[in-house]
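# Residue-level structural notes
Listed below, chain by chain, are the residues.
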Amino acid sequence: MGGDGITEGRVRFDRRPGVEGTLMTYGPDPRNNPAAKEAVAKIFRAAKFEPQAYTLLTATPACRSFKQAAEAAKSLDPKKVAEKMHSGMKFKTVLGDISYDKKGDRTNLDYVMYI
């Protein structure tokens, strides 16, 4: 069993039977998220780049959330931006709306188990 870190090609899933039955926790494939359909087609695939496991899950939501929090805080002061980010405010991202709790954890988790 492994966490989502094994999605980036370090584990050779084509080398059976050594990995047969491996369990992995990860979110649903973000490329199949209806909210991301346009971005996947027009930004990534149009540039002949297939988004990998973390492409849509990290940089895009993180950057957009930070930008929107900074705009709401009317500041780039990290404490003020973090306060907005931890306020439960909804952020519009390529994966749909997301929000964070007071600790900074996402409030809408959607992990699944893959075999």
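Residues numbered from 1 in each chain as written. Predicted model: local features only at pLDDT ≥ 70, side-chain atom pairs only at ≥ 80, totals over all residues. Heavy atoms only, no water.

### Looking at the environment of Thr-60
With respect to the secondary-structure elements, Thr-60 resides in helix H2 (residues 55–73). Overall, the relative accessible area of 17% leaves Thr-60 in the buried class. Along the sequence, Thr-60 and Leu-95 sit 35 residues apart, while their C-alpha atoms lie 8.6 Å from each other. Those residues in contact with Thr-60 that sit more than four places away from it in its chain are Thr-55 and Val-94. (Helix = DSSP H or I, 4+ residues; strand = E, 2+ residues; numbered from the N terminus. Buried < 20%, exposed > 50% of the residue type's maximum accessible area, 1.4 Å probe, protein only. Contact = heavy atoms within 4.5 Å.)

### Looking at helix H1 (residues 37–44)
Taken together, the buried positions of H1 are Ala-39, Val-40 and Phe-44. Buried residues of H1, viewed axially, fall in a sector of 100°; they line one side. Those residues of H1 that are exposed and angled more than 90 degrees off the buried face are Lys-37, Glu-38 and Lys-42. (Arc of directions from axis to C-beta.)

### Re the environment of Arg-106
Residue position: Arg-106 is located in the loop between strand S3 (96–98) and strand S4 (112–114). We classify Arg-106 as partly exposed; its relative accessible area is 26%. Sequence separation between Arg-106 and Gly-88 is 18 residues; the distance between their C-alpha atoms is 9.2 Å. Once residues lying within four places of it in the same chain are set aside, the contact partners of Arg-106 are Ile-98, Ser-99 and Tyr-100. Within the local environment of Arg-106, its side chain forms a polar contact with the backbone oxygen of Asn-108, the two atoms lying 3.4 Å apart. (Polar contact = N/O pair within 3.5 Å; in protein donor to acceptor, adjacent residues only side chain to side chain.)

### Focus on unusual backbone geometry
In this structure, Lys-48 is a non-glycine residue whose phi angle is positive, near 60°. In this structure, Lys-48 sits in the loop between H1 and H2. One non-glycine residue, Lys-74, adopts positive backbone phi at about 55°. Along the chain, the position of Lys-74 falls in the loop between H2 and helix H3 (78–85).

### So, the layout of surface pockets
Looking at the second largest pocket, its volume works out to about 360 Å³. Around the second largest pocket sit 17 residues that line it, and Gly-27, Leu-57, Leu-95, Arg-106 and Asp-110 are the ones nearest its centre. Taken together, the residues that form the lining of the second largest pocket break down as nine nonpolar, four polar and four charged. (1 Å grid on protein atoms, 1.4 Å probe; cavity = no way out; pocket = protein on both sides within 12 Å on 5 of 7 lines; lining within 4 Å. Points joined across faces, edges and corners; volume = space filled by probe spheres on them. Nonpolar A, V, L, I, M, F, W, Y, C, P; charged D, E, K, R; others polar.)

### Quick word on the side chain of Ser-75
With respect to the element layout, Ser-75 can be found in the loop between H2 and H3. With relative accessibility at 17%, the residue Ser-75 sits in the buried group. Within polar-contact distance, the side chain of Ser-75 engages the backbone nitrogen of Asp-77 at 2.9 Å. Beyond its immediate stretch of four places on either side in the chain, Ser-75 contacts Ala-70, Lys-80 and Val-81.

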